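Listed here are the chains, written in short residue letters.
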Amino acid sequence: MCHEGKCFHLSGTVTEPATASEPAVTYKVAISFDRCKITSVTCGCGNKDIFYCAHVVALSLYRIRKPDQVKLRLPISETLFQMNRDQLQKFIQYLITAHHTEVLPTAQKLADEILSSNSEINQVNGAPDPTAGASIDDENCWHLDEEQVKEQVKLFLSQGGYYGSGKQLNSMFSKVREMLRMRDSNGARMLTLITEQFMADPRLTLWRQQGTSMTDKCRQLWDELGALWVCIILNPHCKLEEKSCWLQQLQKWNDLDICPLEDGNYGHELPNITNALSQSASHSPDSLSRPRRTVFTRAIEGRELHWQDSHLQRIISSDIYAAPACQRENERLLFNSHGQPLWLEHVPTACARVDALRSHGYPKEALRLTVAIINTLRLQQQRQLEIYKHQKKELLQRGTTTITNLEGWVGHPLDPIGCLFLTLTEACRLNDDSYMEMSDMNESRLPVYQHVPVASGCPDSNESYLALALEVALMGMGQQRVMPEGLYAQDKVCRNEEQLLSQLQELQLDEELVQTLRKQCILLLEGGPFSGLGEVIHRESVPMHTFAKYLFSALLPHDPDLSYKLALRAMRLPVLENSSSAGDTSHPHHMVSVVPSRYPRWFTLGHLESQQCELASTMLTAAKGDTLRLRTILEAIQKHIHSSSLIFKLAQDAFKIATPTDSSTDSTLLNVALELGLQVMRMTLSTLNWRRREMVRWLVTCATEVGVRALVSILQSWYTLFTPTEATSIVAATAVSHTTILRLSLDYPQREELASCARTLALQCAMKDPQSCALSALTLCEKDHIAFEAAYQIAIDAAAGGMTHSQLFTIARYMELRGYPLRAFKLASLAMSHLNLAYNQDTHPAINDVLWACALSHSLGKNELAALIPLVVKSVHCATVLSDILRRCTVTAPGLAGIPGRRSSGKLMSTDKAPLRQLLDATINAYINTTHSRLTHISPRHYGEFIEFLSKARETFLLPQDGHLQFAQFIDNLKQIYKGKKKLMLLVRERFG
């Protein structure tokens with residue numbers, strides 16, 4: 001059921017069909033409209049959203065598609081006029097009865113007011129009629145639920161960019177752009193509502209108070225907000241009073257302390273939107289900046305811009321506007337030599353005009369202005385090239401230059417290059433819906449472009465908008481520009497560049513686009529200080545690595561020489577390569593003055609270095625098999641890359657590419673990998689690097705893959721590449737391993753050469769660092785008697801010096817294992833003299849070494865045991881360890897090692913005689929001292945443990961003949977000295993009497 005009241009009010013019922021779980025539901029819908037715009041809606045579903053509910057959409061579509069099915073009625077006021085008094089009373093009473101719960105209170109209130117002669121309702125002639133529509137002079141605009149917009153923005157902001165709220169806010173911004181394109185006045189209203197909520201975000205105050213920066217997601221939303229306001233202020237057909245009203249509101253927001261700054265938390269100044277790059281001496285750098293720039297500053301500056309310029313009007317209103325046959329003096333600057341119009345305005349500002357035209361539904365006008373801007377950029381590029389040719393000799397001699405661009409176009413708040421690129425590519429996009437369908441992988445397909453000829457008054461022009469899009473993107477990204485200050489601004493440069501490159505990669509390069517690419521690359525290489533790829537650049541110029549990687553890959557199939565020349569030129573990173581010279585600071589007035597500093601605050605330096613590495617890796621991959629190119633790339637890497645971890649990554653990349661699993665090895669690229677690896681070794685030799693061990697192992701693997709000569713080389717020059725420990729334990733050990741011999745299929749002379757180099761290295765390392773390398777040296781020299789003896793002597797000489805007992809015990813055990821027990825005993829004795837084991841160190845890691853040393857000396861014979869026991873008594877003060885040694889020495893007879901020329905008596909040793917008597921006395925004394933030490937600070941929970949300790953002590957006390965008397969005396973002394981510990985002494989009496 002659907003009714004329409006004289007084309008101003010539409011009402012009806014919409015039924016949602018039943019589902020498996022829900023019954024059918026009917027909703028009452030009412031829509032007011034005026035001059036083809038929906039001005040208000042109500043629906044019984046109660047859904048709140050900034051967009052219409054499905055029921056409102058259904059009723060609207062029903063009216064559009066089936067107008068004959070909608071019953072048309074006169075305005076209700078005219079129907080009422082035709083009724084007599086009885087009919088009117090009947091109508092009102094029936095109306096109230098039908099809806100008594102909803103309208104009765106209102107009806108009674110209205111009745112009271114009408115019956116009161118002084119009421120406000122009686123002061124007005126007539127009565128309102130919602131079905132009659134508005135006056136022709138009244139404002140009319142699409143319905144917008146303002147409260148709902150506010151609520152939704154507030155909700156999304158409160159979620160802080162989580163749960164997809166950032167996407168939702170971007171969707172709202174897109175809706176604003178859509179409204180502007182449809183020239184719907186609600187666009188500005190909706191943006192005002194969004195901005196009010198953004199300004200009311202409580203986090204703004206918090207961030208300001210704490211001095212912290214807002215999140216990246218939030219900053220990007222603010223940027224889009226600022227850009228949209230620029231669009232609205234630059235609307236070519238807005239009324240002056242509207243513009244004035246918006247500017248007042250913007251100024252209010254701008255003046256608030258919490259208003260976010262354009263460049264984050266930093267005060268780096270950028271030029272006023274209305275100033276072009278002035279070459280006039282009358283402008284000082286101060287006049288080109290403002291003390292505080294917020295996200296709204298550029299929009300506010302837009303008040304100075306207008307569209308009344310006659311030249312501008314002719315550009316945007318006609319495709320065939322060209323230079324007149326007879327030009328006046330002042331007209332010569334307005335056209336190029338082909339008679340095409342130019343637009344000489346500060347580039348980002350001119351692009352903001354294009355964005356405004358595009359955004360407000362003037363695509364043809366935007367396209368015309370874009371072409372004029374590109375023709376202007378071309379002319380400037382040509383003139384800059386001519387200037388550079390005159391200065392080239394001087395600049396190359398000086399080796400440094402100045403920055404001529406006050407602000408970079410890539411990363412600029414107004415995104416000028418992105419704006420021009422989008423304007424041009426939109427004109428070339430195929431509008432076939434099938435191209436935008438979702439693929440099976442649930443990803444949208446790439447857009448498809450076609451060449452569309454540029455509409456021009458120049459008959460010889462055969463250019464396409466697509467070629468212009470590519471050209472302007474290359475010009476913009478190739479612009480030499482100073483790195484901006486502050487983390488956010490620097491991050492934005494990287495992000496904007498990646499965004500532009502991803503759009504460029506959507507273009508399929510045909511012959512026309514390749515010609516454009518080649519031509520622009522040549523211009524960029526020859527462009528001097530105006531190009532980031534020129535021969536000489538400023539030290540703090542934004543690097544071109546990411547851009548060059550795209551150019552290299554795109555150009556390589558068509559012009560390899562040019563692509564390599566360009567990529568090699570881009571490899572530099574001057575900010576890390578040399579300090580500022582005096583020439584950097586003596587800028588003319590219009591140059592950016594940069595204070596010389598060895599390391600400026602480049603917050604994105606890590607990212608930039610990784611991009612430099614990516615460019616190098618891309619070139620290495622492409623140059624596989626080309627010796628000359630690989631050598632050139634290697635030199636560029638060694639000259640320009642300063643991070644050891646990145647060079648290591650490149651070495652690994654080169655190794656992987658050189659040694660594919662499914663084809664033969666590329667020896668040239670493999671040698672590049674080795675050279676890079678050697679450079680990493682030299683760079684990290686004297687610095688701490690957590691990946692150093694991994695790097696050393698990888699280098700040996702790489703050298704092995706290169707061949708035996710490479711292994712010999714790194715063994716012979718180890719001291720420039722490795723520490724002595726690395727050289728012996730990793731490098732030499734791997735070089736002479738069975739795995740390496742098999743991998744290289746080495747013959748006997750080659751194996752001997754490697755082994756000889758390894759032994760020489762081992763002895764050199766042992767001399768340099770005996771503590772760490774003596775054992776490895778002995779191991780490596782095992783098969784050569786002379787070398788082994790030399791390594792042993794180095795170990796003995798070093799033993800008296802700085803070697804620890806642990807190192808000496810390890811070598812001693814190795815000597816015993818090799819069949820040198822007497823040498824092992826000598827080293828063990830030296831180790832024992834370095835040891836000191838306190839009474840309470842009964843879990844010390846050296847205990848096993850001490851027990852082993854005593855067992856070794858016992859096995860060698862009585863003399864060796866007699867020599868070691870005084871050392872044990874001097875070094876070990878732990879009673880339980882001493883008693884363990886004593887017990888072991890009495891279990892078997894000494895001298896069972898089977899040393900040639902020696903015989904064992906086969907008799908067990910007595911604890912009453914030397915050398916064990918000395919050990920027994922030391923053990924008993926250790927028990928006595930330990931007992932007193934423990935009782936000084938004993939707690940009841942340790943009483944049981946202490947009684948067990950005394951039981952072990954008694955075992956040792958009872959070994960000599962008079963031992964029981966000695967132990968009884970010891971217990972009596974304890975009872976006397978510690979009689980205050982009654983509970984403990986009671987336990988002692990119970991156990992020991």
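Positions within a chain are numbered from 1, following the residues in the order the chain's sequence is written. Local features in a predicted model are, by the rule used here, given only for residues with pLDDT of at least 70; side-chain atom pairs are given and counted only at 80 or more, and totals for whole chains, interfaces and linings are based on all residues. Side-chain figures throughout are based on the complete set of non-hydrogen atoms in the structure, without hydrogens or water.

## Focus: the overall build of the protein chain
- Numbering goes from the N terminus for both helices and strands, where a helix is a DSSP run of H or I of at least four residues and a strand is a run of E of at least two. Tallying secondary structure elements over the protein chain gives 40 helices and 5 strands in all.
- In what follows, a contact means two residues having at least one pair of non-hydrogen atoms within 4.5 Å. Relative to all contacts within the protein chain whose residues are 6 or more apart in sequence, the contacts with residues 24 or more apart total 71%.
- Only the protein chains shown count as cover for residues, and the accessible areas themselves come from Shrake-Rupley with a 1.4 Å probe. Element-wise, carbon and sulfur atoms account for 53% of the exposed surface of the protein chain, whose accessible area totals about 50900 Å².

## As for the packing of helix α20 (residues 560-570) against helix α21 (residues 605-622)
- The contact between α20 and α21 brings their axes to 10 Å, and the two run at 150 degrees. Of the possible angle classes, the one that applies to α20 and α21 is roughly antiparallel. For the crossing formed where α20 meets α21, the hand is left-handed. In contact with Tyr564, Ala567, Leu568 and Ala570 of α20, α21 contributes Leu615, Met619 and Ala622.
- Three residue categories are used. Nonpolar comprises Ala, Val, Leu, Ile, Met, Phe, Trp, Tyr, Cys and Pro, charged comprises Asp, Glu, Lys and Arg, and polar comprises the others, including Gly. Taken together, the residues of the contact of α20 with α21 break down into 7 nonpolar, no polar and no charged. Angles run from 0 to 180 degrees between N-to-C directions of axes, and those axes are lines fitted to C-alpha atoms, restricted for helices to the stretch in contact. Here roughly perpendicular refers to angles of 65 to 115 degrees, roughly parallel to angles under 35, roughly antiparallel to angles over 145, and oblique to all remaining angles. Helix crossings fall into two classes, left-handed where the near helix is turned counterclockwise from the far one by less than a right angle and right-handed where it is turned clockwise.

## What to know about unusual backbone geometry
- One non-glycine residue, Arg183, adopts positive backbone phi at about 55 degrees.
- Assignment of secondary structure puts Arg183 in the loop between α6 (165-181) and α7 (186-199).
- The phi dihedral of Asp415 falls on the positive side, at around 45 degrees, and the residue is not glycine.
- Tracing the backbone through its elements, the reader meets Asp415 in the loop between α14 (363-398) and α15 (416-426).
- Any residue under 20% of the maximum accessible area for its type is buried, any over 50% is exposed, and the rest in between are partly exposed; the area is computed with a 1.4 Å probe on protein chains only. By relative accessible area, which is 24% here, Asp415 ends up partly exposed.

## Regarding a nonpolar patch on the surface
- A cluster of nonpolar side chains, namely Ile76, Phe91, Ile92 and Leu95, defines an oily patch on the protein surface of about 310 Å² accessible area.
- The leading source of residues in the nonpolar patch is helix α3 (residues 85-98), at 3 residues.
- Here Ile76 lies in helix α2 (residues 76-81). Nonpolar side chains (Val, Leu, Ile, Met, Phe, Trp, Tyr) within 5 Å and like charges within 9 Å form the patches, drawn only from residues with over 30% relative accessible area and no salt bridge. Salt bridges are defined by distance alone: a side-chain nitrogen of Lys or Arg within 4 Å of a carboxyl oxygen of Asp or Glu.

## Observations regarding the side chain of His545
- Structurally, the position occupied by His545 is in helix α19 (residues 545-555).
- A residue is classified by how much of its surface remains accessible, and His545, at 2% relative accessible area, is buried.

## A closer look at the environment of Leu856
- In this fold, Leu856 is placed in helix α34 (residues 847-860).
- In this structure, the C-alpha to C-alpha distance between Leu856 and Phe825, residues 31 residues apart in sequence, is 6.9 Å.
- Discounting chain neighbours no more than four positions away, the residues touching Leu856 are Glu816, Pro821, Ala824 and Phe825.

## Quick notes on the state of the cysteines
- Counting rule for disulfides: a pair of cysteine sulfur atoms within 2.5 Å. All told, the structure shown has 0 disulfides when counted by the stated rule.
- No disulfide involves Cys43; its nearest neighbouring cysteine sulfur is the one of Cys45, lying 3.5 Å away.

## A look at the pattern of salt bridges
- Scanning the entire structure with this criterion turns up 43 salt bridges.
- The salt bridge involving Arg368 is made with Asp319; its shortest N-O contact spans 2.7 Å. Here Asp319 lies in the loop between α12 (310-317) and α13 (347-359) and Arg368 lies in helix α14, a separation of 49 residues in the sequence.
- For Arg368, a relative accessible area of 17% puts it in the buried group.

## Quick word on the packing of aromatic side chains
- The rule is short: rings of Phe, Tyr and Trp, with Trp giving its six-membered ring, pair when the centres are within 6.5 Å, and they are stacked under 30 degrees, edge-to-face over 60, tilted in between. Summed over the entire model, instances satisfying the criterion amount to 16 aromatic pairs.
- Taking 5.5 Å as the distance between ring centres and 70 degrees as the angle between the ring planes, the aromatic pair formed by Tyr321 and Phe335 counts as edge-to-face. Taken as a pair, Tyr321 in the loop between α12 and α13 and Phe335 in the loop between α12 and α13 lie far apart in primary sequence, 14 residues in all.
- Accessibility expressed as a relative area gives 15% for Tyr321, which makes it buried.
- Relative to Trp698, the ring of Phe648 lies with its centre 5.6 Å away and its plane at 85 degrees, an arrangement referred to as edge-to-face. Of the two residues, Phe648 sits in helix α23 (residues 644-658) while Trp698 sits in helix α25 (residues 692-706), which places them 50 residues apart along the sequence.

## Structural notes on the environment of Glu485
- Mapped onto the elements, Glu485 comes out in the loop between α16 (465-477) and α17 (487-504).
- Sequence separation of Glu485 and Trp602 is 117 residues, and the distance between their C-alpha atoms is 7.8 Å.

## What to know about the confidence of the model for the protein chain
- Looking at the protein chain, the pLDDT average stands at 86 and 88% of residues meet or exceed 70.
- Across residues 579-598, where pLDDT falls below 50, the model places 41 contacts with residues more than four positions away in sequence or in other chains. A residue's pLDDT is the confidence the predictor assigns to it, expressed on a 0 to 100 scale.

## Looking at helix α30 (residues 770-780)
- Of all the residues in α30, the buried ones are Pro770, Cys773, Ala774, Ser776, Ala777, Leu778 and Leu780.
- Considering only its buried residues, α30 is in contact with α27 (724-735), α29 (748-768), α31 (785-799) and α32 (805-817).

## Here we look at α29
- To estimate how far a helix should reach, multiply one less than its number of residues by 1.5 Å. Counted at 1.5 Å a residue, the expected span for α29 with its 21 residues is 30 Å, and the 30 Å between its end C-alpha atoms agrees.
- Restricting attention to buried positions, one finds in α29 the residues Leu754, Ala755, Cys757, Ala758, Arg759, Leu761, Ala762, Cys765 and Ala766.
- Among the structural elements, α26 (708-716), α27, α30 and α31 are those in contact with the buried residues of α29.
- For α29, the N-terminal capping position is held by Asp747, with its side-chain oxygen 3.0 Å away from the main-chain nitrogen of Gln750. Pairs of N or O atoms within 3.5 Å make up the polar contacts considered here, provided that, within protein, one atom can donate a hydrogen while the other can accept it, and that residues adjacent in sequence are counted only when both atoms are side-chain atoms.

## Here we look at the environment of Tyr564
- Residue placement: Tyr564 occurs in helix α20.
- Tyr564 gets classed as buried once you look at its relative accessible area, which sits at 6%.
- When the C-alpha positions of Tyr564 and Ala548 are compared, they lie 9.7 Å apart, and in sequence the two are 16 residues distant.
- With residues near it in sequence (within four places) discarded, Tyr564 still touches Phe552, Leu556, Met619, Ala622, Ala623, Arg629 and Ile633.

## Observations concerning the packing of α23 against helix α24 (residues 667-684)
- Orientation of α23 relative to α24, taken along the N-to-C sense of each, is 160 degrees, at an axis distance of 8 Å. In terms of their interaxial angle, α23 and α24 are classed as roughly antiparallel. Judged by the sense of rotation from one axis to the other, the crossing of α23 with α24 is left-handed. Taken together, the residues of α24 that come into contact with α23 (itself represented by Ser644, Ile647, Phe648, Leu650, Ala651, Ala654, Phe655, Ile657 and Ala658) are Leu669, Leu670, Ala673, Leu676, Gly677, Gln679, Val680, Met683 and Thr684.

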